Amino acid sequence: MAQAHRTAIQRVPTAQEIMVTSLVTFTPDTSLTEAMAVLLAKRVSGAPVIDGDGRLVGMLSELDCLRVLSSDEFYAGDQEGMGRVEAFMTTMAVTITPDTDVYGIAHYFLTKGVRRLPVVEPDGRLIGQVSRRDLLRLIDEMSRKRLSKGKRYPDYREPEKLNVPRGSSRAATRSYV
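Residues numbered from 1 in each chain as written. Predicted model: local features only at pLDDT ≥ 70, side-chain atom pairs only at ≥ 80, totals over all residues. Heavy atoms only, no water.

Novice: So what exactly am I meant to see when it comes to the overall build of the chain here?
Specialist: Scanning the chain for helices and strands turns up six helices and six strands. When the helices and strands of the chain are read in sequence order from the N terminus, they spell out α-α-β-β-α-α-β-α-β-β-α-β. Long-range contacts, defined here as pairs at least 24 residues apart, represent 64% of the contacts in the chain between residues at least 6 apart. (Helix = DSSP H or I, 4+ residues; strand = E, 2+ residues; numbered from the N terminus. Contact = heavy atoms within 4.5 Å.)

Encoded structure:
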């Protein structure tokens, strides 16, 4: 009796597996001048803003920093006093939990127009971040493995086959003000 060739469906990777945990972060009272210098020096396009307990309170992006051009402080001639991160950061951030799978992560990148997704615990404590580049690295790795071993990953276009438990936490949009 001939058996049909069956390719094994692999478990879908989660944010916990691909997130970066060594992050550039700011506090709300960091000067905007200092924050911009760090973003430029570290060659990153944005960073989480956390409080003293490590809880996410917002995100500071290059786009947020560009708002300084429309601020009174910039034109007052006192660039040292341009303001604090809290005045320019985005306080409504899309966040994900460690168990958010890569299809959910891709969905947020495609629909929310964000470059990075902070990974937070239920209490709001920041534990990592997934960027679009992190996801691209994973796609590249998955493609290479798939081609070399004939592995098949679930198709995001068929969510009923993803075996996501009911009530599973995918992502949340939270206001941190």
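So that's the structure; there's more coming.
Novice: Just to check I follow, could you spell out unusual backbone geometry for this structure?
Specialist: Among all residues save glycine, negative phi is the norm, and among peptide bonds the norm is trans. Backbone geometry places Arg 43, a non-glycine residue, at a positive phi of 55°. Structurally, Arg 43 can be placed in the loop between α2 (32–42) and β1 (46–50).

Novice: It is not clear to me how the pattern of salt bridges should be interpreted in this structure. Could you clarify?
Specialist: Side chains that carry opposite charge are capable of pairing whenever their charged atoms lie near each other. Evaluated as defined, the whole model comprises six salt bridges. Residue Asp 53 is joined to Arg 55 by a salt bridge in which the shortest nitrogen-to-oxygen separation is 3.5 Å. By relative accessible area, Arg 55 is classed as partly exposed at 31%. A salt bridge links Arg 144 to Asp 140, with the nearest nitrogen and oxygen atoms 3.0 Å apart. Pair noted here: Arg 144 and Asp 140 are both in helix α6 (residues 132–149), with a separation of four residues, about one helical turn. For Arg 144, a relative accessible area of 56% translates into the label exposed. Within this structure, Asp 53, Arg 55 and Asp 123 form a network of salt bridges that share partners. (Salt bridge = Lys/Arg side-chain N within 4 Å of Asp/Glu carboxyl O. Buried < 20%, exposed > 50% of the residue type's maximum accessible area, 1.4 Å probe, protein only.)

Novice: Looking at this structure, how should I read helix α5 (residues 102–112)?
Specialist: Every α-helical turn comprises 3.6 residues, leaving residues that sit three or four positions apart pointing alike. Where α5 is concerned, the buried positions are Val 102, Tyr 103, Gly 104, Ile 105, Tyr 108 and Phe 109. Measuring from the backbone nitrogen of Tyr 103 back to the side-chain oxygen at the start of α5 gives 2.9 Å, which picks out Asp 101 as the cap. At the exit of α5 stands Gly 113, carrying a positive phi of roughly 65°. (Polar contact = N/O pair within 3.5 Å; in protein donor to acceptor, adjacent residues only side chain to side chain.)

Novice: Can you help me understand the environment of Cys 65 in this one?
Specialist: Inspection of the secondary structure puts Cys 65 in helix α3 (residues 62–66). Using a relative accessible area of 6% as the deciding quantity, one classes Cys 65 as buried. Sequence separation between Cys 65 and Met 89 is 24 residues; the distance between their C-alpha atoms is 8.0 Å.

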